[in-house]
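So you can see what is in the structure, the chains are spelled out below.
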Amino acid sequence: KNQVEQSPQSLIILEGKNCTLQCNYTVSPFSNLRWYKQDTGRGPVSLTIMTFSENTKSNGRYTATLDADTKQSSLHITASQLSDSASYICVVSALGGGNKLTFGTGTQLKVEL
Amino acid sequence: DAGITQSPRHKVTETGTPVTLRCHQTENHRYMYWYRQDPGHGLRLIHYSYGVKDTDKGEVSDGYSVSRSKTEDFLLTLESATSSQTSVYFCAIRDTLADNEQFFGPGTRLTVL
């Protein structure tokens, strides 16, 4: 069964600090991995996408890494801001099957002053 | 939000009543999806559509039906709502011209008493 596990479940950091969120997956055959940001009361919004051949992708202060051999990904947030407070969801797509996605349960990040 | 709207945004209903949620898109995308999001679970696929009158079941389709009579509208119906269907429902479209990224609507919060 395809699964995506994220850690930690929740995290509180001070504004300006860095943090790293983890994602482990067992989706096969692998197509791509996305990180989404979901603000409270909103739908998820994609931050990055990585395919099998990519091992890092940046979007401003967000940098995602992918190790396809160990089936792990991380999302690093640099110089956090209050607006980074959100749930971050790791989503893995399998080849074929109509682009069905497997979602992690998310890491709830809170950035405090 | 990639031109996606959902209505209603909030609804409270009683067990046994029928409920229809509407997803409307303005950009003529072929693929549309309905998900539910519950605490402790990643988003889970209910039904999806790959064209007008073409739909298929997702992993949690029991108790739900869908219809797509026009490209722009995808309806999700709970024929007889149950308390287990209390959830936040998200509609999504897949943009085949943007790495097959799924863009999500703002969500509908449904409470079944």
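The rules behind each value
- Residues numbered from 1 in each chain as written.
- Chains lettered and ligands numbered in written order.
- Predicted model: local features only at pLDDT ≥ 70, side-chain atom pairs only at ≥ 80, totals over all residues.
- Heavy atoms only, no water.
- Helix = DSSP H or I, 4+ residues; strand = E, 2+ residues; numbered from the N terminus.
- Rg over C-alpha atoms; globule rule 2.2 N^0.38 Å.
- Buried < 20%, exposed > 50% of the residue type's maximum accessible area, 1.4 Å probe, protein only.
- Contact = heavy atoms within 4.5 Å.
- Buried area = accessible area lost by both parts, 1.4 Å probe.
- Salt bridge = Lys/Arg side-chain N within 4 Å of Asp/Glu carboxyl O.
- Polar contact = N/O pair within 3.5 Å; in protein donor to acceptor, adjacent residues only side chain to side chain.
- Pairing = 2+ DSSP bridges.
- Axes fitted to C-alpha atoms, helices over the stretch in contact; angles between N-to-C directions.
- Disulfide = S-S within 2.5 Å.

S.K.: Is there a simple way to explain the overall build of chain A in this structure?
M.R.: Along the backbone of chain A there are 0 helices and 11 strands. In chain A, the succession of α and β elements from N to C terminus is β-β-β-β-β-β-β-β-β-β-β. For chain A, the C-alpha radius of gyration of 14 Å lies close to 13 Å, the compact-globule estimate for 113 residues. Taken along its principal axes, the extent of the C-alpha atoms in chain A is 45 × 30 × 20 Å. Out of the 113 residues in chain A, the part that is buried amounts to 46%. At a minimum sequence separation of 6, the contacts of chain A that also span at least 24 residues come to 55%.

S.K.: Please explain the interface of chain A and chain B as it appears in this structure.
M.R.: Interfaces are often sized by the amount of accessible area the parts lose when they come together. Every contact between the two is made by 17 residues of chain A and, on the other side, 22 residues of chain B. Overall, the association of chain A and chain B removes approximately 1400 Å² of surface from exposure, summing both partners, and the carbon and sulfur fraction of that is 52%. For chain A, the biggest contributors to the area lost against chain B are A:N99, A:K100 and A:F103; these three give 32% of the whole. Where chain A packs against chain B, one counts 1 salt bridge. B:E101 is the salt-bridge partner of A:R34, the closest N and O atoms lying 3.7 Å from each other. At the junction of chain A with chain B, the criterion picks out 3 residue pairs in polar contact (both at pLDDT 80 or more).

S.K.: Can you help me understand the pattern of salt bridges in this one?
M.R.: Here the idea is simple: oppositely charged side chains can pair when their charged atoms come close. Residue and element names in this part refer to chain A. Under the defined criterion, the tally for this structure stands at 9 salt bridges over all chains. With its nearest N and O atoms 2.8 Å apart, the salt bridge here joins R61 to D84. Of this pair, R61 sits in the loop between β6 (56-59) and β7 (62-67) while D84 sits in the loop between β8 (72-77) and β9 (86-94), and the two are 23 residues apart along the sequence.

S.K.: Looking at this model, I keep getting lost on the environment of B:H10. Mind explaining?
M.R.: As for its position among the elements, B:H10 is in strand β2 (residues 10-13). Put simply, B:H10 and B:R109 are 99 residues apart on the chain and 4.8 Å apart in space, counted from C-alpha to C-alpha.

S.K.: Whenever I open this one, the side chain of A:S46 confuses me. Can you help?
M.R.: For A:S46, the position within the fold is in strand β5 (residues 45-51). A relative accessible area of 17% places A:S46 in the buried class. Contact partners of A:S46, with chain neighbours within four places excluded, come to A:R34, A:W35, A:Y36 and B:E101.

S.K.: Whenever I open this one, the sheet that holds strand β3 (residues 19-25) of chain B confuses me. Can you help?
M.R.: Sheet strands pair via backbone hydrogen bonds, and the direction of the pair is either parallel or antiparallel. Residue and element names in this part refer to chain B. In spatial order, the strands read β1-β3-β8-β7; together these 4 strands make up an open sheet with antiparallel pairing. Strands with a single pairing partner mark the edges of an open sheet, and in this sheet they are β1 (4-7) and β7 (64-70). In this sheet, neighbouring strand axes are inclined to one another by 20° on average, regardless of whether the strands run parallel or antiparallel. In this sheet, strand β8 (residues 73-78) lies alongside β7 in antiparallel orientation, the contact comprising 5 bridges. In the strand pairing of β8, K70 is matched with D73.

S.K.: How should I be thinking about the state of the cysteines in this particular structure?
M.R.: All names here are of chain A. Applying the stated criterion across every chain yields a total of 2 disulfides over all chains. Here C23 engages in a disulfide with C90; their sulfurs sit 2.0 Å apart. Across the S-S bond linking C23 and C90, the dihedral sits near -65°, which makes this disulfide left-handed. A residue pair is termed long-range when its members are at least 10 positions apart, and C23 in strand β3 (residues 19-25) and C90 in strand β9 qualify at 67 residues. Overall, the relative accessible area of 0% leaves C23 in the buried class. On the accessibility criterion, C90 (0% relative accessible area) is buried.

Just geometry here; none of it tells us what the structure is for.
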